[in-house]
Amino acid sequence: MRIILFTGKGGVGKTTLSAATGAYLSELGRKVLVVSVDPAHSLSDVLEEDAGPEPVKIFRNFYAQEIDVYYSIEKFWGVLKEYLKSLLRWQGIDEILAEEMSVLPGMEEVSAFLWINSHVEKGEFDVIIVDSAPTGETLRFLSLPDAASWWVTKILPLQRKLMKFIRPAAKMVSSMPLPEEQTYDALEDLFRQVYNLYYLLQNPEVSSVRLVVNPEKMVIKETEKAFTYLHLFGFPVDAVFLNKVAPEDSPFYEVQKKYIERIKTSFEPTPVFVVPQFYEEVLGYEKLKELGKLLYKEEAPDKIFYTDKPFEIVENEKTYVLRLTLKEASEDKIEVYQKGEDLILKIGNLKKHFFLPRVLLNKEITGAVVKEGNLLEITFK
Ligand SMILES: Nc1ncnc2c1ncn2[C@@H]1O[C@H](COP(=O)(O)OP(=O)(O)OP(=O)(O)O)[C@@H](O)[C@H]1O
Ligand SMILES: [Mg+2]
């Protein structure tokens, strides 16, 4: 079983490449689900077929699903929703509003986690492809369980214990609806499922994040940032797709050239797949399948393309060491300098950019040495 998650800045081609990857995989005999977790769905438009709130068969062993938060709440949140509604009603909020307000922030993300986990547990698909929202939202989506962990491990069990103790007395003095044991059971089960998927998404033997980027300045910066943070949070990126590259003989290529170079050097040794700019829209199963074939050349799209860590940050008594993996051992002199959030390495006539996470931003570079051939160690203080 494999989970492949596509992300990237808005409009770069996430949905198109998710669908193309799925279509080609299904052609190779895998049972595939492409699931869109971006509330602004466009998967149906790209497939030219209606995907539903449950997986819909599009073609033979190829399925598509667009997650709908209201539908998911009915399916996964029964007991909890009833409790929230009773609480809101008790505060004098009317029924219709209570219905709307029970869609709390984060429910969309949690619903997506629950759906994907449910597909994983049922084992119906060989590959689950996640067409996700633009990078910022995806990072928030992926780190949701981490953000909730304090609450889940510390507060929830405490409150549950306390509730068991005070419930009988509290019921006598107040009409406020109190969560029952089954509400806590439901909540705990729900978080168990969220965490199950969270850990799977961090397992490089199961999950891969694929970043889609275009040869444009604004897109590159956002993608470099996502690349740094995805790795920092523990989500393995196994490939980068450089999409919408103009033909070499076109004037657009001249403009794109320096960005193409930057993308290749900055993300390497993570493999960078180059995807041409097409002059007609790639819509419908047949065309998507052809695009998939072209994308991956002779390789199967569910292969894990990269498993190493492209970088690592180690802290030792306020000194931070950033270990960057270079594509190959370098005999050249390496120059390192910092420009805002960018760390720039000059190796021969190549220039590599690395987006610095906040922890290294206000530090000074105190040294840089090449270790074991292709490992560069940069010290920050
Ligand atoms: N290689 C390509 N050549 C030409 N057009 C492309 C290519 N890849 C994607 N497109 C077009 O770019 C537009 C955006 O693509 P797509 O919807 O796949 O991007 P997205 O990243 O999912 O966008 P959003 O952030 O809005 O979800 C679409 O019109 C699509 O047909
Ligand atoms: Mg999209």
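Residues numbered from 1 in each chain as written. Chains lettered and ligands numbered in written order. Predicted model: local features only at pLDDT ≥ 70, side-chain atom pairs only at ≥ 80, totals over all residues.

## Re the overall build of the protein
Scanning the protein for helices and strands turns up 12 helices and 15 strands. Considered along the principal axes of its C-alpha atoms, the protein spans approximately 80 × 55 × 35 Å. Taking all 381 residues of the protein together, 34% fall into the buried category. (Helix = DSSP H or I, 4+ residues; strand = E, 2+ residues; numbered from the N terminus. Buried ≥ 20, exposed ≤ 12 C-beta atoms within 10 Å, placed from the backbone.)

## A look at helix α11 (residues 285-296)
Here α11 is 12 residues long and its end C-alpha atoms lie 17 Å apart, about the 16 Å a rise of 1.5 Å per residue gives. Where α11 is concerned, the buried positions are Tyr285, Leu288, Lys289, Leu291, Gly292, Leu295 and Tyr296. Looking straight down α11, one finds its buried side chains confined to an arc of 160°; they lie on one side. Elements that come into contact with the buried residues of α11 comprise α1 (14-27), α2 (43-47), β3 (56-59) and β8 (272-276). (Expected span 1.5 Å × (residues − 1). Arc of directions from axis to C-beta. Contact = placed C-beta atoms within 7 Å.)

## A word on the site of ligand 1
Neighbouring ligand 1 are 18 residues; Gly10, Gly13, Lys14, Thr15 and Thr16 lie closest to it. At the level of secondary structure, the elements contributing two or more residues to the shell around ligand 1 comprise α1 and β7 (237-245). Broken down by element, the residue count for the shell around ligand 1 peaks at three residues, all from α1. Per-class residue counts for the shell around ligand 1 are five nonpolar, nine polar and four charged. (Near = placed C-beta within 6 Å. Nonpolar A, V, L, I, M, F, W, Y, C, P; charged D, E, K, R; others polar.)

## Regarding helix α10 (residues 251-267)
Given a rise of 1.5 Å per residue, 17 residues ought to cover 24 Å, and the 25 Å separating the end C-alpha atoms of α10 matches this to within 8%. At Lys257, α10 shows its maximal bend, which comes to roughly 45°. What α10 keeps buried is the set Gln256, Ile263, Ser266 and Phe267. On its buried face, α10 is in contact with β6 (207-213), α9 (217-232), β7, β8 and β13 (350-355). (Bend = angle between axes of the 7 residues up to and from the residue.)

## Side note on the environment of Lys225
Structurally, Lys225 is set in helix α9. Placed 117 residues apart in sequence, Lys225 and Asp342 show a C-alpha to C-alpha distance of 9.4 Å.

## What to know about the confidence of the model for the protein
Predicted coordinates in areas of low pLDDT are best not read in detail. On average, residues of the protein score 89 in pLDDT, and 98% of them reach the 70 mark or higher. Mean pLDDT in the protein bottoms out at helix α5 (residues 95-101), which sits at 69, and peaks at β6, which reaches 98. (pLDDT = per-residue confidence, 0-100.)

## Describing the pairing of strand β14 (residues 365-371)
Within β14, only zero of the seven residues are buried, which leaves the element largely exposed. Pairing of β14 with strand β15 (residues 375-380) involves six bridges; the strand directions are antiparallel. If you follow Ala368 over to β15, its bridge partner there is Ile378. Connecting the antiparallel pair β14 and β15 is a turn made up of three residues, with Glu372 showing a positive phi of about 40°. (Pairing = 2+ DSSP bridges.)

## A word on the domain arrangement of the protein
Domains assigned within the protein are domain 1 (1-300) and domain 2 (311-380). Here domain 1 and domain 2 have C-alpha centroids that lie 31 Å from each other. The interface of domain 1 with domain 2 comprises 12 residues on the first partner and 10 residues on the second. For the side of domain 1 that touches domain 2, the secondary-structure elements that each account for two or more residues are α9 and α10. Per-element tally for the side of domain 1 that touches domain 2: the top contributor is α9, with seven residues. Its residues assigned to classes, the side of domain 1 that touches domain 2 shows four nonpolar, four polar and four charged. (Domains from an automatic or database assignment.)

## A closer look at the sheet that holds strand β11 (residues 334-339)
Strand order in the open sheet formed by three strands is β11-β12-β13, and the pairing between neighbours is antiparallel. In this open sheet, the two edge strands, each paired with only one partner strand, are β11 and β13. This sheet shows a mean twist of 20° between the axes of neighbouring strands, independent of strand direction. Sheet topology note: the strand β12 (residues 342-347)/β13 ladder contains six bridges and is antiparallel. Considered in β13, the bridge of Leu345 is made with Lys352. (Axes fitted to C-alpha atoms, helices over the stretch in contact; angles between N-to-C directions.)

## Regarding the environment of Val272
For Val272, the position within the fold is in strand β8. A tally of 18 C-beta atoms within 10 Å means that Val272 is categorised as partly exposed. What Val272 contacts, discounting residues up to four positions off in sequence, is Val240, Leu242, Ile263, Lys264 and Phe267.

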